[in-house]
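Take a look at the letters that make up each chain.
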Amino acid sequence: MFHLQIYLNMSTIIKIDFNPKEADWIYIQNWLKEEDHNSGKGFYCNKRIIQNAFQNHGMAIISVDKKAIGFVTWYFNAEYSARIDITEIHPDYRKFGYGRVLINHLLQYFAAQNIYTVDLECAPVSSVHFWKKFKFCAFPPNVSDTSEQVELYKILIDSSRPVRSKVDANEVVELWNGEPFETDDQNPYRTWKLEYIKGTRILKKPIICPCDFDWRIRWRKG
């Protein structure tokens with residue numbers, strides 16, 4: 001685990017810590033409870049989820065002058081993928097850019113952990129604007145049935161870009177955004193030209209695309 005310290009105006013110290021202490025968690029609980037009591041908002045109702053993230057090293061905090069004024073929790077949902085769960089900044093410290101600093105360093109942390117993609121649910125929906133600043137994208141509408149939920153994702157590494165569906169290439173991967181019976185007569189939704197490191201069968205860049213497990217995929221050579 002690592003942390004970062006930033007000094008502002010020679011007096012204010014901002015610290016990002018991926019290994020928060022018990023005292024940090026207690027302090028966060030107190031202001032979450034106070035926010036819930038004063039406004040009925042916030043994530044105190046998710047106390048057990050946040051505590052579980054803290055205990056399982058899935059929490060990072062941002063501190064100002066040694067006070068934990070914000071946090072983010074996450075979990076790894078696949079070998080190369082993570083999901084951001086809860087993000088919160090103390091009401092008195094909002095609109096000063098602390099959330100942006102925290103998430104920027106979280107994304108750097110994910111990249112250092114060999115994570116290729118990260119996703120999240122925007123709850124409340126008004127948080128979409130915040131996440132779009134980090135170039136998170138909406139999932140295609142037919143990836144899964146999320147009803148009124150807004151799901152976003154971000155690819156963290158350089159990946160292979162789709163090409164024209166009828167590209168003149170010896171070897172391609174093709175993807176249809178539907179099941180086989182729905183896509184028999186349709187052109188692929190996405191097509192990728194396979195390019196390998198010279199002398200190997202290792203792709204120069206991985207293929208990454210949000211999809212549903214029922215979609216049709218084909219590897220075609222020649």
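Residues numbered from 1 in each chain as written. Predicted model: local features only at pLDDT ≥ 70, side-chain atom pairs only at ≥ 80, totals over all residues. Heavy atoms only, no water.

Chemist: Would you explain the packing of aromatic side chains in this entry?
Modeler: Any two aromatic rings considered together are summarised by their centre-to-centre distance and by the angle between their planes. This model, assessed by the stated rule, comprises 17 aromatic pairs. Within the aromatic cluster, the residues linked to one another by ring pairs are Phe18, Trp74, Phe76, Tyr109 and Phe110. It is Arg190 that lies over the ring of Tyr189; its NZ or CZ is 4.2 Å from the centre. Cation over ring: Arg216 sits above Trp176, and NZ or CZ is 4.1 Å from the ring centre. (Phe/Tyr/Trp six-rings, centres within 6.5 Å; stacked < 30°, edge-to-face > 60°. Lys NZ or Arg CZ within 6 Å of the ring centre and 35° of its normal.)

Chemist: What should I look at first to understand the pattern of salt bridges in this one?
Modeler: Think of it this way: side chains of opposite charge can pair up when their charged atoms draw near. This model, assessed by the stated rule, comprises nine salt bridges. Measuring nitrogen to oxygen at the nearest pair gives 2.5 Å for the salt bridge that ties Arg83 to Asp119. Linking Arg83 in strand β5 (residues 81-89) with Asp119 in strand β6 (residues 117-121), this pair joins segments that are 36 residues apart in sequence. Across this residue pair, the class does not change: Arg83 and Asp119 are buried. With a shortest N-O distance of 2.7 Å, Arg218 and Glu174 are connected by a salt bridge. Here Arg218, found in strand β11 (residues 216-221), pairs with Glu174, found in strand β9 (residues 171-176); they are 44 residues apart in sequence, far enough to count as distant. (Salt bridge = Lys/Arg side-chain N within 4 Å of Asp/Glu carboxyl O. Helix = DSSP H or I, 4+ residues; strand = E, 2+ residues; numbered from the N terminus. Buried < 20%, exposed > 50% of the residue type's maximum accessible area, 1.4 Å probe, protein only.)

Chemist: Help me understand helix α3 (residues 98-112), please; the structure alone is not making it clear to me.
Modeler: Structural remark: α-helix, 3.6 residues per turn; residues separated by three or four positions point the same way. Counted at 1.5 Å a residue, the expected span for α3 with its 15 residues is 21 Å, and the 21 Å between its end C-alpha atoms agrees. If you check which residues of α3 are buried, you get Tyr98, Gly99, Leu102, Ile103, His105, Leu106, Leu107, Tyr109 and Phe110. Where α3 terminates, the next one or two residues include Asn114, which has phi positive at roughly 65°. (Expected span 1.5 Å × (residues − 1).)

Chemist: Before we go on, may I ask you to explain unusual backbone geometry in this structure?
Modeler: Working note: non-glycine residues mostly have negative phi, and peptide bonds are mostly trans. Residue Pro124 follows Ala123 across a cis peptide bond; omega there is 5°. With respect to the element layout, Pro124 can be found in the loop between β6 and α4 (128-132). Its identity as a non-glycine residue notwithstanding, His57 has a phi of 60°, on the positive side. Mapping His57 onto the fold places it in the loop between α2 (47-55) and β3 (59-64). You can call His57 partly exposed: its relative accessible area is 46%.

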